[in-house]
Amino acid sequence: MTQRIGLLFCCRTRGLRCPPLFLLGVTCHAVVLCSLLPGLEGSARLWHLSSNVSHHELGFCETEAKLALSLDFWTLSSENLKAVLPVDPVKENYVRKVKNCIFSIAFPTPFKSRVRLVAVSKEVPEDILDLDLSVSETDDFIQLVSGEKIVFGSIPLAHRYGGHQFGIWAGQLGDGRAHLLGIYMNRQGEKWELQLKGSGKTPYSRNGDGRAVLRSSVREFLCSEAMHSLGIPTSRAASLVVSDDEVWRDQFYNGNIVKERGAIVLRVAKSWFRIGSLEILAHYGELDLLRTLLDFIIREHFPSVKVTEPNRYVDFFSIVVSKTAQLIALWMSVGFAHGVCNTDNFSLLSITIDYGPFGFMEAYNPDFVPNTSDDERRYKIGNQANVGMFNLNKLLQALNPLLDPRQKQLAAQILEGYPVLYYTRFRDLFKAKLGLLGERKGDDDVIAFLLHQFWALKMISEHKLFPAWVSQYLLRLKSNMNDSDSERRKRMTSLSSPARSSASFPEAFCSGESRLLLTYSFLG
């Protein structure tokens, strides 16, 4: 069999990252590359598709494609989690208080009505899960992503966690409508955790029905993939299915309950652990388990931290503080408001997770609130940096029982450095957007002046202060004597993905005195 590796792969090697999204019935050829690495995690036996035509002659990239053409040999595994982290001994699936464990075994509840595949994100099956896109058209795939079928090696789990919601300790929360299917190790040696959202009740469902509706599921599917394309660390969405099951929701929190259709998103991330994962253990005094979970997270996801190092929890905290500052600055750089920045929605890996009532600003407004239930405007976009520091402080409180007095002092100093990390990253992002090189005394004023105009592309030129800002901006550009208009334009237009070089960022920034006057209002 012959498979041509075409334009899509070549474009990706040139740095284009926007993932194609495919609706049901639209097919395309798969573009997958290397060999699968062995491991305890799930894997796939990949079919080898060779090419006996030189694609260089056709302008294509030369490579071999190895694709899983079905789910017959595709497996997941929960053993890496269950071998280290305790599971709730109670097997029955009913709502209850759970203690002394990290997970409860809970199987998805299939829909009662017909299930249809609405959308698939091409990159996730092919680049992450080693699946040819054609697999998404099979009954096996639809049964998997709707929770009707459990693949070999999978033991579905619901995660126990707590959290501060709108600044108040909310007690036990947990995966109330999500099921962790297992871990998959792909051909690049990456481990990805697959989770269904909207797949039924678990012991952590509280008063919920365990379901998600099509409206919110479409939003999560589209936004997580859009954020990835913008270069912002995020969970990914693989697929979206919809049923005819009736789900009742009060969409605007005004007492008007309406009937909607149930849907499930298959989403993937390197880890779903969050600040609330640690908070609940510290809150209930489960310190041995807290230490076990922390060591597991460090060993699996923080390779620069040695798990045998006495200061490992301080080093871990330092990285989380730095990366959280980077993440929120990236949110701000694209006008993204998460909407529900509770500690149970803040990833320990500093990726964007749990897309709920998020929103993007149409015009700059630090008071923008996408969540209609946020009456006190706690999570307005201009307060996200401040909320980040609040959440990191709650993380530190969870770590404190495991720290000695000197380590507590070090960790507190690290947290005090958070504003500098945030300001520095925010400033660098907007300087890059404006094409500014080097350091000049008035750079903060150029950025703050622009943002204070509450700009948007359609209205900025009509603002009465715009001519004054343009004069200031042109004067600043002239200070870069060796920078041409064409080079600057090329540099600025390449910033469609502002985090493209984020992998090379240091884990801690240099401290400094420079501040953006504007960003002080973010923390005020």
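Our structure is the block above this text.
So, here's what we can say about the structure. The model shown is predicted, which means the values in this text are computed figures rather than measured ones.

**What to know about the pattern of salt bridges**
- Throughout the structure, instances matching the rule amount to 31 salt bridges.
- Two residues, Asp-140 and Lys-149, come together in a salt bridge whose shortest N-O distance is 3.1 Å.
- Accessibility expressed as a relative area gives 27% for Asp-140, which makes it partly exposed.
- Take Lys-149: its relative accessible area is 29%, and that puts it in the partly exposed class.
- Residues Arg-160 and Glu-286 are paired through a salt bridge, measuring 2.9 Å at the closest nitrogen-oxygen approach. Highlighted residues: Arg-160 in the loop between strand S6 (157-159) and strand S7 (164-165) and Glu-286 in the loop between helix H6 (275-283) and helix H7 (287-301), separated in sequence by 126 residues. In this structure, Arg-160 and Glu-286 share a single accessibility class: buried.
- Connected through salt bridges with shared partners, the residues Arg-427, Lys-431, Glu-439, Asp-443, Asp-444 and Arg-476 form a single ionic network.

**Observations concerning the packing of aromatic side chains**
- Tallied over the full model, the rule gives 17 aromatic pairs.
- Their ring planes at 65° and their centres at 6.2 Å tell us that Phe-336 and Tyr-355 sit as a pair that is edge-to-face. Here the residue Phe-336 occupies a position in strand S14 (residues 336-337), and Tyr-355 occupies one in the loop between S14 and strand S15 (359-360), the gap between them amounting to 19 residues.
- Members of the aromatic cluster, connected to one another through ring pairs, are Trp-331, Phe-336, Phe-346, Tyr-355, Phe-358 and Phe-360.
- The ring of Tyr-161 has Arg-274 lying over it, and the distance from NZ or CZ to the ring centre is 4.5 Å.
- In this structure, Arg-378 is placed above the aromatic ring of Phe-390, and the distance from its NZ or CZ to the ring centre is 4.7 Å.

**Concerning unusual backbone geometry**
- Backbone geometry places Arg-206, a non-glycine residue, at a positive phi of 50°.
- Relative accessible area serves as the criterion here: at 47%, Arg-206 is assigned to the partly exposed category.
- One non-glycine residue, Ser-350, lies in the positive phi region at around 60°.
- Note that Ser-350 resides in the loop between S14 and S15.

**Quick look at helix H12 (residues 443-452)**
- Burial of H12 is extensive: seven of the ten residues sit out of reach of the surface.
- Restricting attention to buried positions, one finds in H12 the residues Asp-443, Asp-444, Val-446, Ile-447, Ala-448, Leu-450 and Leu-451.

**Remarks on the environment of Gly-153**
- Within the secondary structure, Gly-153 sits in the loop between helix H4 (139-145) and S6.
- Separated by 76 residues in sequence, Gly-153 and Ser-77 have C-alpha atoms that sit 4.8 Å apart.
- Excluding anything up to four places from it in sequence, Gly-153 contacts Leu-76, Ser-77 and Ser-78.

**Topic: the nonpolar core**
- Leu-278 and Phe-316 are the most contacted members of the largest nonpolar core, which totals 85 residues.
- Among the elements that line this core, the one with the most residues is helix H8 (residues 312-333), at 14 residues.
- For Phe-316, the contacting residues outside a window of four places in its chain are Leu-278, Leu-294, Ile-297, Ile-298, Phe-302, Val-305, Leu-348 and Leu-399.
- If you look at the next biggest cluster of nonpolar residues, it comprises 28 residues, including Ile-142, Ala-238, Leu-266 and Val-268.

**Section: the pairing of strand S10 (residues 191-197)**
- Of all seven residues in S10, six are buried, a share of seventy percent or more.
- Pairing between strand S9 (residues 178-185) and S10: seven bridges, direction antiparallel. By the bridge assignment, Ala-178 is partnered in S10 with Lys-197.
- In sequence, S9 turns back onto S10 through a hairpin of five residues, with Gly-189 there showing a positive phi of about 80°.

**Some points on the packing of H12 against helix H13 (residues 466-478)**
- Packing of H12 against H13 leaves a shortest axis separation of 10 Å and a crossing angle of 150°. Classed by the angle they form, the pair H12 and H13 counts as roughly antiparallel. Along this stretch, H12 crosses H13, giving a crossing that reads as left-handed. For the pair H12 and H13, contact is made by Asp-443, Asp-445, Val-446, Phe-449 and Leu-450 and by Ala-468, Trp-469, Gln-472, Tyr-473 and Arg-476, respectively.

**Focus on the side chain of Glu-225**
- Summarising the element assignment, Glu-225 is placed in helix H5 (residues 214-229).
- Separated by 2.8 Å, the side chains of Glu-225 and Arg-236 make a polar contact.

**Re H8**
- Along its 22 residues, H8 runs 32 Å from first to last C-alpha, staying within 8% of the 32 Å computed at 1.5 Å per residue.
- Counting buried positions along H8 yields 19 of 22 residues, so the element is predominantly enclosed.
- Remark: Gly-335 follows H8 within two positions and exhibits a positive phi of approximately 70°.

**Quick word on the packing of H8 against helix H10 (residues 405-416)**
- One way to put it is that H8 packs onto H10 with a least axis distance of 10 Å and a crossing angle of 10°. Viewed along their axes, H8 and H10 adopt a mutual orientation that is roughly parallel. Judged by residue contacts, Val-314, Phe-317, Ser-318 and Val-321 of H8 engage Gln-407, Leu-410, Ala-411, Ile-414 and Leu-415 from H10.
- Taken together, the residues of the contact of H8 with H10 sort by class into seven nonpolar, two polar and no charged.

Analysis parameters
Residues numbered from 1 in each chain as written. Predicted model: local features only at pLDDT ≥ 70, side-chain atom pairs only at ≥ 80, totals over all residues. Heavy atoms only, no water. Salt bridge = Lys/Arg side-chain N within 4 Å of Asp/Glu carboxyl O. Buried < 20%, exposed > 50% of the residue type's maximum accessible area, 1.4 Å probe, protein only. Helix = DSSP H or I, 4+ residues; strand = E, 2+ residues; numbered from the N terminus. Phe/Tyr/Trp six-rings, centres within 6.5 Å; stacked < 30°, edge-to-face > 60°. Lys NZ or Arg CZ within 6 Å of the ring centre and 35° of its normal. Contact = heavy atoms within 4.5 Å. Core = buried A, V, L, I, M, F, W, Y, C linked by side-chain atoms within 4.5 Å. Pairing = 2+ DSSP bridges. Axes fitted to C-alpha atoms, helices over the stretch in contact; angles between N-to-C directions. Parallel < 35°, antiparallel > 145°, perpendicular 65-115°, else oblique. Left-handed = near helix turned anticlockwise from the far one by under 90°. Polar contact = N/O pair within 3.5 Å; in protein donor to acceptor, adjacent residues only side chain to side chain. Expected span 1.5 Å × (residues − 1). Nonpolar A, V, L, I, M, F, W, Y, C, P; charged D, E, K, R; others polar.

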